Amino acid sequence: MANDKPNINLSLAALEAEVAKPEPFIVALKGGKRITFPDLYDLPADEAEAFFKDFEGSGQNDFTFLEKWLSKADFEAYKAAKIPLRVHGALIERVMNYYQQTVGKPGEDTASASS
């Protein structure tokens with residue numbers, strides 16, 4: 001039995017090729033400027049879990065997270081746009097919904113997120 005090799009059921013390379021990767025969420029600001037929200041689900045799992053936990057339950061304002069989430073140039077452009085609070089809230093909700101609908105919530109796949 002020295003020639004027995006363990007069965008490999010799955011490789012990370014195969015899983016990464018199988019998992020859907022959404023396009024980034026891009027917002028057009030006034031004056032032809034655009035900002036890009038990178039995919040939080042593309043972060044290492046431990047960093048993404050910490051980010052979502054902080055985002056959902058810390059009571060910190062959205063701008064703390066936007067500063068972590070967006071590139072420095074995009075964050076500065078977003079602040080400079082002086083977006084009203086109701087539009088800002090709707091935008092953050094749409095961005096989060098986009099990624100949740102595309103790849104599911106953290107720890108869930110898209111099938112379990114829709115049920």
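Refer to the structure above for everything that follows.
Conventions adopted
Residues numbered from 1 in each chain as written. Predicted model: local features only at pLDDT ≥ 70, side-chain atom pairs only at ≥ 80, totals over all residues. Heavy atoms only, no water. Buried < 20%, exposed > 50% of the residue type's maximum accessible area, 1.4 Å probe, protein only. Helix = DSSP H or I, 4+ residues; strand = E, 2+ residues; numbered from the N terminus. Arc of directions from axis to C-beta. Pairing = 2+ DSSP bridges. Axes fitted to C-alpha atoms, helices over the stretch in contact; angles between N-to-C directions. Left-handed = near helix turned anticlockwise from the far one by under 90°. Contact = heavy atoms within 4.5 Å. Phe/Tyr/Trp six-rings, centres within 6.5 Å; stacked < 30°, edge-to-face > 60°.

Trainee: Explain helix α3 (residues 62–69) here, please?
Mentor: Given 3.6 residues to a turn, an α-helix orients residues that are three or four positions apart in the same direction. By the burial criterion, the buried members of α3 are Phe65, Leu66 and Trp69. Considered in projection along α3, the buried side chains sweep an arc of 105° and stay on one side of the axis. Residues of α3 that are exposed and point more than 90 degrees away from the buried face comprise Glu67 and Lys68.

Trainee: Explanation requested: the pairing of strand β1 (residues 25–28) in the structure shown.
Mentor: In summary, the side chains of a regular strand alternate between the two faces of the sheet. Side-chain alternation along β1 places Phe25 and Val27 on a buried face and Ile26 and Ala28 on a face that remains uncovered. Taken together, the four bridges between β1 and strand β2 (residues 34–37) define a ladder with antiparallel strand orientation. Across the sheet, the residue bridging to valine 27 is isoleucine 35, located in β2. Where β1 folds back onto β2 in an antiparallel hairpin, the turn is made up of five residues, including glycine 31, whose phi is positive at roughly 80°.

Trainee: Is there a simple way to explain the packing of α3 against helix α4 (residues 72–80) in this structure?
Mentor: Pairs of packed helices are described in terms of their axes, by the angle between the two and the distance that separates them. Close contact between α3 and α4 brings their axes to 8 Å; oriented N to C, the two are set at 145°. Handedness of the α3/α4 crossing: right-handed. Here α3 contributes Phe63, Leu66 and Glu67 to the contact with α4, which in turn contributes Phe75, Tyr78 and Lys79.

Trainee: Help me out: how do you make sense of the environment of glycine 31 in this one?
Mentor: Mapped onto the elements of the fold, glycine 31 is located in the loop between β1 and β2. When the C-alpha atoms of glycine 31 and alanine 81 are compared, they prove to be 9.4 Å apart, with 50 residues separating the residues in sequence.

Trainee: Please explain the packing of aromatic side chains as it appears in this structure.
Mentor: What describes a pair of aromatic rings is the distance from one ring centre to the other and the angle between the planes of the rings. Applying the stated criterion across every chain, the model contains seven aromatic pairs. Between phenylalanine 25 and phenylalanine 37, the ring centres sit 6.2 Å apart and the planes meet at 75°, which makes this aromatic pair edge-to-face. Taken as a pair, phenylalanine 25 in strand β1 and phenylalanine 37 in strand β2 lie far apart in primary sequence, twelve residues in all. Judged by centre distance (5.9 Å) and plane angle (50°), the rings of phenylalanine 63 and tyrosine 78 are tilted.

Keep in mind these numbers describe shape, not what the thing actually does.
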